[in-house]
Amino acid sequence: MACERAHFKGAGSRHYRVAVVGNPNVGKSTLFTALTKEIAHIANWPGTTVERKEGLIRVSGKEIVLIDLPGIYSLSGISAEERVARDFLLTGQWDALLILVDSLAIERTLYLAVHALELTGRAVVALTKWDAAHKQGVHVSISKLESELGIPVVPVSAVTREGIGELIAKLLQVLEGGTKRPLKVEYGYLEKYISELEKELANVSLPFKAPPRWVALKLLEGDEHISMLVRSAGGEGVVRRAGELRSLIVQFTGREVDELEIQYRFNFVDELCKAAVVRKRVREEIGVFERVLLSRAGAAASLLILLPLYLAVFTFNTGFPLTLILRVVGAAEVAELLESSTLSGLISGAFDGVAALVRESSLPTVVKSAIADGVLQGVGLVLTFLPLIFTALLILSLLEDSGIGPYAAASLHRFFQRLGLSGRAVYPLLISLGCNVPAVMASRTAPDEVERRQLVFSVPFIPCQARLVIIVAFVSVYFPSPFVAVTALLVTYAAAFALFAFTSTIIRRFYGIREPPELLIELPPIHFPSLRVLWWIAWDYTKHYLKRAGVVIFGLSLIIWALTSELGVFAAAIGDVLSPLLALIGITGEKATLIGFSLVAGLAAKEAVLLSISATMGADPIDALRSLQLTGAQALSLLALYTTYMPCIATVGTIYKETGSLKYTVSATAWSLSLSLVTSYIVYILASGLNL
Amino acid sequence: MIRSLADVPAGSRAVVVEVAGGRGAKRRLLEMGLSPGSRVEVIVNGFPGPVVVKVRGVMAALGRGLAAKVLVKLEEGEREAQHGV
Ligand SMILES: Nc1nc2c(ncn2[C@@H]2O[C@H](COP(=O)(O)OP(=O)(O)OP(=O)(O)O)[C@@H](O)[C@H]2O)c(=O)[nH]1
């Protein structure tokens, strides 16, 4: 059999590869972390933003590499995740499968397990969340499952670590054992067609590793990808025959083959469950909390939970928005004190301190500037985001792991649907109001690959707190009367939001999808999450931010330093480069140089825009801004430009980390820049027309 | 009587008869366990919110558009009469 050839290869060596397969929410990340203390390798699956994790288990002198496949419902290849998982399984670059079945939802999660076992018999099934199974009245006959499926079944709990050792032992047994037949599911009416195609397939040498029976079924159901592969291997005849048989079946039964196939497979699962699972109904009613979240008031209730959590995260890290409120009510000193004692404040304070020491030292000026303004700034920039990312993602995993997240997503779905997004987009959107960096990372909760890209492209348009400072400064200088000021502020946010929505829709269209996403989401019971798991997940993200985004951010900030340092040759020229563009909105000469320069400086961090203007003019930011003496139209146009022109380099670095693709990073940046330029120009024309 | 899942009142049980709709949506629904013959219990159903069902031991929320694509038969003795108004 084709699939077994690959397995012999691994059998002799002491380095085994095991692919981990399971439904979303089955407890895969949790078990993965419990099994492997060491994440050996992390990257994206080629051409996707789907993360690929590999972990290492060392046991009795042997190494087992666990390859984490994305959480999926089936191997049919509808979503990017399913394609990734299926394509990898078909390469045969694994020695066995570790298949996860949720002991709390066996009737559903066994489906994928059965589907995967039809591909290979070299597998172990882990029944996850075993600690909770008894509490919920679920009783499983393990021996019955084992005999019916023909493979070892091990109940495990990542929380109590029960069964973890046995699971590894069983895995090793399978890895060191011989070949095993794949599971045979009875497909009733389809059987005679399957065997006909199976026989014909014997003459085709398949370019992938799968049992002929499995391939026959895929051909019969009309799977385009598999059909294409078989055709390219000289199997046109079989594919054509499969098509004929398919029409025949549709004619006779009035049903599509895949519908029948899914039903037969579920029948198999049902029979199995009847024999092996007893479910005592402990609690069928859903709780009050869950009920409220799903009621008419659910959207409001969800926001009531999410908003304070994220406000707390940001206040704790940067003081925002509490500092802003304090400033508005006139307590600027308290605000400053608060700001300097927040995490970001403490970190940047420490780096400023070190930088000051360097500046006072007797090193040559260029070296001093390179260390203080280049290296230290860069490292400081990377590090100030760490606590923010950690806490923002901690809250995110708290929401997701407790089960609140899916409820909030369901109740908010209706609003986001209009933007071509799902309810889960609430996280990145909310977080982006504070900082775009963790917001881009939060896009990973998106239900599919396309939505993930929509968010990565569009989230940077949402003004973060650093940009709010710029907006407020502009507004207070150029539109001082309270009514106009508030209007200008709201209009800026509305415009930024419109750009977000526009971008999101365009990207969705770009992938050829016209319909808004349909809501179909699992709602786990809300429970107290395992703190250990939350910690793992948040720390994992933070570490990888540091490793992958950190390097990029540091590098970019060095470049920005080299370009903008007053010692360098670029400083004078850099502003002039952008002058022709600024001339479009009637800003020329020295002013254009100054603003152009500030735009480049602002790439390092948006707050640097004001600082660079004030440093050049030698005044405090507000006075400096005033002395630019812009017209109302110019001010509005510049405001639009400053608010949206480009993600800061920390965001760019994070986009690179999340997408793993230079192409996407560059296009997201270029898109944001061009859209922003066009918008600012339109704003200028409109505002001039209104004689502002 | 056959009706769409979107029209099944909360608290009722039903059996899936057929899933309509485009290929992708249909497959998704089927593989989530809403395949013909599966028993579903409607937990929450209030316009314009989602329809929340329990199927195969899992609770799931479906948008109303998707729910309308799932045709079901109410189980005997379920609140057929009440709903007929
Ligand atoms: N009681 C119990 N709960 C668990 C266990 N493992 C995971 N869970 C819970 O199951 C839920 C899903 O766990 P994850 O590890 O995030 O599942 P996943 O399969 O990675 O899910 P996705 O990230 O959606 O693919 C979380 O709420 C966990 O707290 C376990 O051993 N016991």
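Residues numbered from 1 in each chain as written. Chains lettered and ligands numbered in written order. Predicted model: local features only at pLDDT ≥ 70, side-chain atom pairs only at ≥ 80, totals over all residues. Heavy atoms only, no water.

1. What about the overall build of chain B?
For chain B, the count of helices and strands is three helices and six strands. Here chain B holds 85 residues, and the buried ones make up 54% of them. Restricting the contact set of chain B to residue pairs at least 6 apart, pairs at least 24 apart contribute 59%. Surface summary for chain B: the accessible area is close to 3,300 Å², and the carbon and sulfur share equals 56%. (Helix = DSSP H or I, 4+ residues; strand = E, 2+ residues; numbered from the N terminus. Buried < 20%, exposed > 50% of the residue type's maximum accessible area, 1.4 Å probe, protein only. Contact = heavy atoms within 4.5 Å. Areas by Shrake-Rupley, 256 points an atom, 1.4 Å probe, with all protein chains shown as cover.)

2. Brief notes about the overall build of chain A
Within chain A, the secondary structure is distributed over 33 helices and ten strands. For 692 residues, the compact-globule estimate of 2.2 N^0.38 gives 26 Å, and the C-alpha radius of gyration of chain A, at 29 Å, lies within 12% of that figure. If one aligns the C-alpha atoms of chain A with their principal axes, the spans along those axes are about 85 × 55 × 50 Å. Considering chain A as a whole, with its 692 residues, one finds that 57% of them fall into the buried category. (Rg over C-alpha atoms; globule rule 2.2 N^0.38 Å.)

3. Brief notes about unusual backbone geometry
All names here are of chain A. One non-glycine residue, lysine 129, adopts positive backbone phi at about 60 degrees. Counting through the fold element by element, lysine 129 comes out in the loop between β6 (123-128) and α5 (130-133). A positive phi angle, close to 45 degrees, is found at glutamine 629, a residue other than glycine. Assignment of secondary structure puts glutamine 629 in the loop between α30 (621-626) and α31 (632-644). By relative accessible area, which is 63% here, glutamine 629 ends up exposed.

4. A closer look at the site of the ligand
Residues and elements named next belong to chain A. Close contacts around the ligand come from 16 residues, with Lys28, Ser29, Thr30, Asp131 and Asp401 the closest. The side chain of serine 29 places a nitrogen or oxygen atom 2.2 Å from an oxygen atom of the ligand. Contact between the ligand and aspartate 401: an oxygen atom at 2.6 Å from a main-chain N or O atom of the residue. Elements that contribute at least two residues to the shell around the ligand include exactly α2 (28-35) and α5. Sorting elements by how many residues they give to the shell around the ligand places α2 first, with three residues. Class assignment of the residues belonging to the shell around the ligand gives a composition of five nonpolar, seven polar and four charged. (Near = heavy atom within 4 Å. Polar contact = N/O pair within 3.5 Å; in protein donor to acceptor, adjacent residues only side chain to side chain. Nonpolar A, V, L, I, M, F, W, Y, C, P; charged D, E, K, R; others polar.)

5. A short note on the side chain of A:Asn317
Residues and elements named next belong to chain A. With respect to the secondary-structure elements, asparagine 317 resides in helix α14 (residues 298-318). A polar contact of 2.8 Å, which involves the side chain of asparagine 317, links it to the backbone oxygen of valine 313. Non-local contacts of asparagine 317, meaning those with residues more than four positions away in its chain, are made with Thr342, Leu343, Ser344, Gly345, Pro387, Leu388 and Thr391.

6. Concerning the pattern of salt bridges
All names here are of chain B. Evaluation of the coordinates by the stated rule reveals 33 salt bridges over all chains. Here arginine 13 ties to glutamate 41 by a salt bridge, and the two come within 3.7 Å at their closest N and O atoms. Here the residue arginine 13 occupies a position in strand β2 (residues 13-19), and glutamate 41 occupies one in strand β3 (residues 39-45), the gap between them amounting to 28 residues. Judged by its relative accessible area of 26%, arginine 13 is partly exposed. (Salt bridge = Lys/Arg side-chain N within 4 Å of Asp/Glu carboxyl O.)

7. Some points on the confidence of the model for chain B
All names here are of chain B. Of the residues in chain B, 89% reach a pLDDT of 70 or more, and the chain-wide mean stands at 84. Ranking the elements of chain B by mean pLDDT puts helix α3 (residues 80-83) last with 43 and strand β6 (residues 70-74) first with 94. Taken together, the stretch residues 80-85 has pLDDT below 50 and engages in six contacts with residues farther than four places along the chain or on a different chain. Both scores are available for the predicted complex, with the pTM at 0.83 and the ipTM at 0.88. (pLDDT = per-residue confidence, 0-100.)

8. Some thoughts on the interface of chain B and chain A
On the chain A side, the residues contacting the 32 residues of chain B number 37 residues. Taking both partners together, chain B and chain A bury about 3,300 Å²; carbon and sulfur atoms supply 57% of that area. In this structure, the connection of chain B to chain A is made through six salt bridges. Of the charged contacts, one joins B:Arg28 and A:Glu82 as a salt bridge, the two residues approaching to 2.4 Å between their closest N and O atoms. Summed over the shared surface of chain B and chain A, the result is eleven residue pairs in polar contact (both at pLDDT 80 or more). The biggest single contributor to the side of chain B that touches chain A is helix α1 (residues 23-31) of chain B, with eight residues. Taken together, the residues of the side of chain B that touches chain A sort by class into 16 nonpolar, six polar and ten charged. (Buried area = accessible area lost by both parts, 1.4 Å probe.)

9. A closer look at a nonpolar patch on the surface
Residue and element names in this part refer to chain A. Taken together, the side chains of Leu581, Leu584, Leu673, Leu677, Tyr681 and Ile685 make up a nonpolar region of the molecular surface, amounting to roughly 490 Å² of accessible area. Residue contributions to the nonpolar patch peak at four residues, all from helix α33 (residues 662-689). Topologically, tyrosine 681 is positioned in helix α33. Classification of tyrosine 681 by relative accessible area gives partly exposed; the value is 35%. (Patch = residues over 30% accessible without salt bridge, like charges linked within 9 Å, V, L, I, M, F, W, Y side chains within 5 Å.)

10. Let's talk about helix α24 (residues 482-510) of chain A
When the terminal C-alpha atoms of α24(A) are compared, their 42 Å separation across 29 residues agrees well with the 42 Å that a helix rising 1.5 Å per residue should span. In the stretch just after α24(A), A:Gly512 is the one whose phi turns positive, near 75 degrees. (Expected span 1.5 Å × (residues − 1).)

11. Let's talk about the nonpolar core
Membership of the largest hydrophobic core comes to 113 residues, with the highest contact counts inside it found for A:Phe474, A:Tyr545, A:Leu638 and A:Tyr642. Here this core gets eleven residues from one element, more than from any other, and that element is helix α18 (residues 365-402) of chain A. Ignoring any residue separated from it by four or fewer positions in sequence, one finds A:Phe474 in contact with A:Phe479, A:Leu625, A:Leu630, A:Ala635, A:Leu638, A:Leu639 and A:Tyr642. A:Leu69, A:Val114, A:Ala116 and B:Val8 belong to the second-largest nonpolar core, a separate cluster that totals 96 residues. (Core = buried A, V, L, I, M, F, W, Y, C linked by side-chain atoms within 4.5 Å.)

12. Quick look at the environment of A:Val154
All names here are of chain A. Here valine 154 is to be found in strand β8 (residues 153-155). For the pair formed by valine 154 and leucine 322, sequence separation is 168 residues and the distance between their alpha carbons is 51 Å. Leave out the neighbours within four places in its chain, and valine 154 touches Val124, Val125, Ala126, Leu127, Gly163, Glu166, Leu167 and Lys170.

13. A closer look at the sheet that holds β3(B)
Spatially, β10(A)-β5(B)-β4(B)-β3(B)-β2(B)-β6(B)-β1(B) is the arrangement adopted by the seven strands of the open sheet, whose pairing is antiparallel. The open sheet is flanked by β10 (520-522) of chain A together with β1 (2-4) of chain B, the only strands paired with a single partner. When the angles between neighbouring strand axes are averaged without regard to direction, this sheet yields 40 degrees. As paired strands, β3(B) and strand β4 (residues 51-55) of chain B are joined by five bridges and run antiparallel to one another. If you follow B:Asn45 over to β4(B), its bridge partner there is B:Val51. Of the strands in this sheet, β10 of chain A together with β5 (58-62) of chain B are in contact with helix α19 (residues 404-417) of chain A, which crosses β10(A) at around 160 degrees. (Pairing = 2+ DSSP bridges. Axes fitted to C-alpha atoms, helices over the stretch in contact; angles between N-to-C directions.)

14. Description of the packing of aromatic side chains
Residues and elements named next belong to chain A. If you walk through the whole model with that rule in mind, you get nine aromatic pairs over all chains. Arranged with centres 5.1 Å apart and planes meeting at 70 degrees, the rings of phenylalanine 390 and tryptophan 535 form a pair that is edge-to-face. With a gap of 145 residues between them, phenylalanine 390 in helix α18 and tryptophan 535 in helix α25 (residues 531-564) connect regions that are remote in the sequence. Here the aromatic cluster, defined as three or more aromatic residues joined through ring pairs, consists of Phe474, Tyr478 and Tyr642. The side chain of lysine 663 reaches across the aromatic face of tyrosine 664, ending 5.6 Å from its centre. (Phe/Tyr/Trp six-rings, centres within 6.5 Å; stacked < 30°, edge-to-face > 60°. Lys NZ or Arg CZ within 6 Å of the ring centre and 35° of its normal.)

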